[in-house]
Amino acid sequence: MRTALVIGTGLIGTSAALALSQRGVVVHLTDHDPEQARTAAALGAGTDQAPGGPVDLAIVAALPAHVAATLADAMRRGVARGYLDVASVKGGPRRELEALGLDLSTYIGSHPMSGREKSGPLAATGDLFEGRPWVLTPTRDTDTEVLNLALELVSHCRAVPVVMDADAHDRAVALVSHMPHLVSSMVAARLENAEEAAVRLCGQGIRDVTRIAASDPRMWIDILSANPGPVADLLADVSADLDETVQALRALQSCDEAKRREGAGGIEDVLRRGNAGQVRVPGKHGAAPLTYETVAVLIDDQPGQLARIFADAGAAGVNIEDVRIEHATGQQAGLVQLMVEPKAAPVLSTALRERGWALRQ
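Please read all numbers here as calculations on a predicted model, not as lab measurements. (Residues numbered from 1 in each chain as written. Predicted model: local features only at pLDDT ≥ 70, side-chain atom pairs only at ≥ 80, totals over all residues. Heavy atoms only, no water.)

## Considering the pairing of strand S2 (residues 26-30)
Pairing analysis gives five bridges linking strand S1 (residues 3-7) to S2, with the strands arranged parallel. Within S2, the position partnered with Thr 3 by the bridge is Val 26. Remark: the S1/helix H1 (residues 11-22)/S2 crossover connection has right-handed handedness. (Pairing = 2+ DSSP bridges. Helix = DSSP H or I, 4+ residues; strand = E, 2+ residues; numbered from the N terminus. Right-handed = clockwise from strand over helix to strand, strands pointing away.)

## Quick word on the pairing of strand S7 (residues 160-163)
As paired elements, strand S6 (residues 133-137) and S7 share four bridges and run parallel to each other. Counted as the bridge partner of Val 135 is Val 162 from S7. Note on the crossover from S6 through helix H5 (residues 144-156) to S7: the handedness is right-handed.

## Quick look at the packing of aromatic side chains
According to the stated counting rule, one finds one aromatic pair in the structure shown. When the centroid spacing of 5.0 Å and the interplanar angle of 55° are considered together, the rings of Phe 129 and Trp 134 count as tilted. A single burial state applies to Phe 129 and to Trp 134, both of which are buried. (Phe/Tyr/Trp six-rings, centres within 6.5 Å; stacked < 30°, edge-to-face > 60°. Buried < 20%, exposed > 50% of the residue type's maximum accessible area, 1.4 Å probe, protein only.)

## Remarks on the pattern of salt bridges
Tallied over the entire structure, the rule returns 15 salt bridges. Across the salt bridge formed by Glu 35 and Arg 38, the nearest N and O atoms sit 3.0 Å from each other. With a gap of three residues between them, Glu 35 and Arg 38 both fall in helix H2 (residues 34-42), about one helical turn apart. A relative accessible area of 44% places Glu 35 in the partly exposed class. The structure contains a network of salt bridges with shared partners spanning Arg 94, Arg 95, Glu 98 and Asp 167. (Salt bridge = Lys/Arg side-chain N within 4 Å of Asp/Glu carboxyl O.)

## Side note on the packing of helix H10 (residues 228-252) against helix H11 (residues 257-278)
When two helices pack together, you describe them by how their axes are tilted relative to each other and by the distance separating the axes. At a minimum axis distance of 7 Å, the contact between H10 and H11 shows a crossing angle of 145°. Remark: the crossing between H10 and H11 carries left-handed chirality. Residue-level contacts link Asp 241, Thr 245, Ala 248, Leu 249, Ala 251 and Leu 252 of H10 to Lys 259, Arg 260, Gly 263, Ala 264, Gly 266, Ile 267, Val 270 and Arg 273 of H11. Class assignment for the residues of the contact of H10 with H11 results in seven nonpolar, three polar and four charged. (Axes fitted to C-alpha atoms, helices over the stretch in contact; angles between N-to-C directions. Left-handed = near helix turned anticlockwise from the far one by under 90°. Contact = heavy atoms within 4.5 Å. Nonpolar A, V, L, I, M, F, W, Y, C, P; charged D, E, K, R; others polar.)

## Brief notes about the nonpolar core
The tendency in soluble globular proteins is for nonpolar side chains to be buried as a group. Counting 34 residues, the largest nonpolar core has Met 1, Leu 20, Leu 29, Ile 59, Leu 84, Trp 134 and Leu 153 as the members making the most contacts within it. Those elements that place two or more of their residues in this core are S1, H1, S2, H2, strand S3 (55-60), S6 and H5. Not counting the four nearest positions on each side in its chain, Met 1 is found in contact with Leu 20, Val 25, Asp 56, Leu 57, Leu 149, Glu 152 and Leu 153. Membership of the second largest hydrophobic core comes to 19 residues, among which are Ala 68, Ala 87, Leu 97 and Leu 104. (Core = buried A, V, L, I, M, F, W, Y, C linked by side-chain atoms within 4.5 Å.)

Set out below in structure tokens:
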């Protein structure tokens, strides 16, 4: 691939353009908002000048509701040899293109499984997709050359290609992305009118659960409007679990010992099923999840503290597998949780204490 056209310079489109430009591909940028395209160009994602002729690959990074129309316009104008979209829903756009009678041999649907709570070109990074799954949904009509162009794009973005059926993809993202987003939003909504004294008690647990609720509602209305059925089916299952959990909690309030035991059993069941589901979430680099030991370090909120911790861990020969930061409410301090392999935990703890760090047991 030598040339590409990115149509839509938001977070995903600009991030893909940055990755391609960094690897020598000449990228042309266009957007319904010319200022947004100019911003992406100023970031080094490419040029907002129109290409002189057909490019190798056109990447449509529009919202799901506009993907089919944008693709159809580009295909009718013949702007590229191959066409690809990055929308989070795949079945609907493909059916719309089929209904328009377009030749789909030059088109392949795709969905990079990466993003951020922020949107727009200023939130984009060239490494946004690195190590992340990038779903491709070719059909029997997809030309081999177009599939190869898509695989080249994924490679340039250092993502991991995953080939799926379009409708299977939509059911999958309903489970792992769309439904969790709504649940996160519903949990976060409980905080809207909560007493300030209660909100000040927020810890890392509530931050983890509500993090994705910070995303742009307008964007998510478009996403969910394109995949409402599978999401509604999953929420119906969650609703049934909630009803059973509420009944179990009410039973725990009973004066009847048998009812309390029944309620405890119901709560244990939902917690154990949660354990069983959580361990299926892929771990580092998509491998099977591993059990790590946590070394908790108290730090002041000052520049360079994290860099010092990582440098001291490196000097001790310990690899940090994951890290979490819990900020103390109302104080300029926090707790850094360093996840390491079990055999490395005592080594790291000793090294950090020797270097003056305060550890929490």
